[in-house]
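Architecture at a glance
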Amino acid sequence: MPLRIFKKTGLIFELWLIMSFVLLAGISVIVFFVYRASSNNLRYQTRTKFLLHNEKYSAAILTMLEKREILLNAISTGFEFTHLNDTDFVEALKYYDKRYDELNTLYAGFNTKKHLDSSWVATAEYDPRTKDWYKGARSRNGLHITDIYIDANTAKPMTSLSVPLKISEDVFGVLATNLDMADLRKVLNNKNNEITSFLIGENGNFLAHDTYGFSDNIFKIGNALYSEFGKLIVNNETNRGEVDLGTEKIFFYSNRIPHTKWFIVSTQPISILLEEAHQVVIKLIVISLIFFIVFSFSIFIILFINIKPIKLTLSLLKNISEGDGDLTSRLPIKGYGEISDLSIYFNRTIEKIRSTIESIGYNITGTQTISQDIASNMTETASAVHQISAN
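Brief notes about the pattern of salt bridges
Applying the stated criterion across every chain, the model contains 9 salt bridges. Between Lys 114 and Asp 86 there is a salt bridge; the shortest N-O distance is 2.8 Å. Taken together, the positions of Lys 114 in the loop between β1 (104–110) and β2 (115–117) and Asp 86 in helix α3 (residues 86–99) put the pair 28 residues apart, joining distant regions of the chain. Here Glu 169 and Lys 166 are joined by a salt bridge, their closest N and O atoms 3.7 Å apart. Taken together, the shared-partner salt bridges in this structure form one network comprising Glu 202, Glu 237 and Arg 256.

So, in structure tokens, the structure goes:
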């Protein structure tokens, strides 16, 4: 049944089919370029989102470190101008430790091997001069942040921040405090976040992670499945890209936190990113289909209206060639442009044909009258000749 309808429509259907194909091709090209532009924009937005995400957490961690650095420098400056005995020095350490939440145990080591602490009494064998926190602050002559270690007293992963103690630029000791890695984990709050963030050290140990602890190493977990991922992180100051982690492919952004050996890493499954792209594609397809249907139908209606005079012309010509040859029929003149011109000139042509045929008809009638007169004259002449011959 549909084929019969298409056959009956003839030229209308063919033109509609051609124009619809051209329209569909045009829409497809537009959809392709819009999708491409949307994909590029999505990639840019993703990179920007991850960059801002990491910068936010990096700034928060740096703020934690800077607060402790400022406090240590202020306290060390106070000790420069006060000459306290050991008891008063320890009391001062306890006071500052209790006074400021940012300080997690405050302690000092001296050139004489002496160690004073706000929460612990050092043994005779303990020598602060051999410790990284002490040697680092002296060699840098400024803030030093140690590698992560397990605190002997709390069994928690810690890092130490230390600054030199001076009198007239002469270093006589080092002042230090601890930073619990649990505090960093609080900063990296992944709840209700599409992006998951964690911290690892230069050696690959996890410093703050929702699943792994300090004893876990990115180069060893999951049968070394994350080993290549770890290399991409620790071998570059900043890095971003996609990485395949077994059954899951993720997008990641990583950067070293300034003045530390720590790397902040943010990840998100590619499947989540693709959901946004799929939504864009679905919207484009739906809009394109609606656009195609509306314009295709409009094209069909326009073609039907404009081709109607052509169909009438065809019907009249068919009537002339096969029917009773009615030359008085005329096409209605509607609209403007070529279609109306077609009706005008067709009507003129039919009118000329009709006039010509009428003229021929008049001539034939006159010729027949003359022929009859000649025949009558011939008959009379023959009769006269016959009479003459008889006489």
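So that's the structure; there's more coming.
Concerning the nonpolar core
Judged by nonpolar contacts, the single largest core of 35 residues is most densely connected at Leu 65, Phe 79, Phe 89, Leu 175, Leu 184, Leu 199 and Trp 262. Those elements that place two or more of their residues in this core are α2 (11–80), α3, β1, β5 (157–167), β6 (170–180), α5 (181–187), β8 (206–208) and β11 (262–269). The biggest single contributor to this core is α2, with 9 residues. In contact with Leu 184, other than residues within four places in its own chain, are Ile 61, Met 64, Leu 179, Leu 199, Ala 208 and Trp 262.

Thoughts on the sheet that holds β11
Strand order in the open sheet formed by 5 strands is β8-β7-β11-β10-β9, with antiparallel pairing between adjacent strands. Looking at strand neighbours, the two that pair on one side only are β8 and β9 (238–245), the edges of this open sheet. Geometrically, the sheet is characterised by an average inter-axis angle of 30° between neighbouring strands, direction not taken into account.

Observations concerning the confidence of the model for the protein chain
One rule of thumb: low pLDDT means the predicted coordinates there are not for detailed reading. Across the protein chain, pLDDT averages 81, with 82% of residues at or above 70. Within the protein chain, no element has a lower average pLDDT than helix α1 (residues 2–9), which sits at 48, and none a higher one than β2, at 95.

Remarks on helix α7 (residues 227–234)
Listed in full, the buried residues belonging to α7 are Ser 227, Phe 229, Gly 230, Ile 233 and Val 234. Looking down the long axis of α7, one finds its buried residues gathered within 155° of arc, a one-sided arrangement. Tucked into the core, α7 has its buried residues touching β7 (196–201), α6 (221–224), β9, β10 (248–256) and β11.

Here we look at the environment of Phe 81
In this fold, Phe 81 is placed in the loop between α2 and α3. Overall, the relative accessible area of 63% leaves Phe 81 in the exposed class. Sequence separation between Phe 81 and Ser 168 is 87 residues, and the spatial gap between their C-alpha atoms is 9.7 Å.

Details of helix α4 (residues 132–140)
Owing to its 3.6 residues per turn, the α-helix brings residues three or four apart onto one side. Among the residues of α4, those classed as buried are Trp 133, Tyr 134, Gly 136 and Ala 137. Buried residues in α4 make contact with β1, β2, β3 (144–145), β5 and β6. Immediately downstream of α4, the backbone of Asn 141 shows phi near 55°, a positive value.

Digging into the environment of Arg 43
Here Arg 43 shows up in helix α2. Assessed through its relative accessible area of 48%, Arg 43 is described here as partly exposed. For Arg 43 and Leu 273, which are 230 residues apart along the polypeptide, the C-alpha to C-alpha distance reads 9.1 Å.

Describing the environment of Tyr 212
Tracing the backbone shows Tyr 212 in the loop between β8 and α6. Accessibility expressed as a relative area gives 25% for Tyr 212, which makes it partly exposed. Taking C-alpha positions, Tyr 212 is 9.6 Å from Phe 198, a pair spaced 14 residues apart along the chain. Ignoring anything within four residues of it in the chain, the contact list for Tyr 212 reads Phe 206, Ile 221 and Tyr 226.

Quick word on unusual backbone geometry
Positioned with a positive phi, Ala 155 is a non-glycine residue whose angle comes to about 60°. When you line up the elements, Ala 155 lands in the loop between β4 (149–150) and β5. Residue Ala 155 is classed as exposed on the basis of its relative accessible area, which comes to 58%. For His 259, which is not a glycine, the phi torsion comes out positive at approximately 70°. The residue His 259 is located in the loop between β10 and β11 in this model. Judged by relative accessible area, His 259 falls into the exposed class, the value being 74%.

Topic: the side chain of Thr 260
Counting through the fold element by element, Thr 260 comes out in the loop between β10 and β11. Of the residues examined, Thr 260 reaches a relative accessible area of 8% and is grouped as buried. Separated by 2.7 Å, the side chain of Thr 260 and the backbone oxygen of Ile 257 make a polar contact. Setting aside residues no more than four positions away along its own chain, Thr 260 makes contact with Leu 65 and Ile 145.

How each quantity is defined
- Residues numbered from 1 in each chain as written.
- Predicted model: local features only at pLDDT ≥ 70, side-chain atom pairs only at ≥ 80, totals over all residues.
- Heavy atoms only, no water.
- Salt bridge = Lys/Arg side-chain N within 4 Å of Asp/Glu carboxyl O.
- Helix = DSSP H or I, 4+ residues; strand = E, 2+ residues; numbered from the N terminus.
- Core = buried A, V, L, I, M, F, W, Y, C linked by side-chain atoms within 4.5 Å.
- Buried < 20%, exposed > 50% of the residue type's maximum accessible area, 1.4 Å probe, protein only.
- Contact = heavy atoms within 4.5 Å.
- Pairing = 2+ DSSP bridges.
- Axes fitted to C-alpha atoms, helices over the stretch in contact; angles between N-to-C directions.
- pLDDT = per-residue confidence, 0-100.
- Arc of directions from axis to C-beta.
- Polar contact = N/O pair within 3.5 Å; in protein donor to acceptor, adjacent residues only side chain to side chain.

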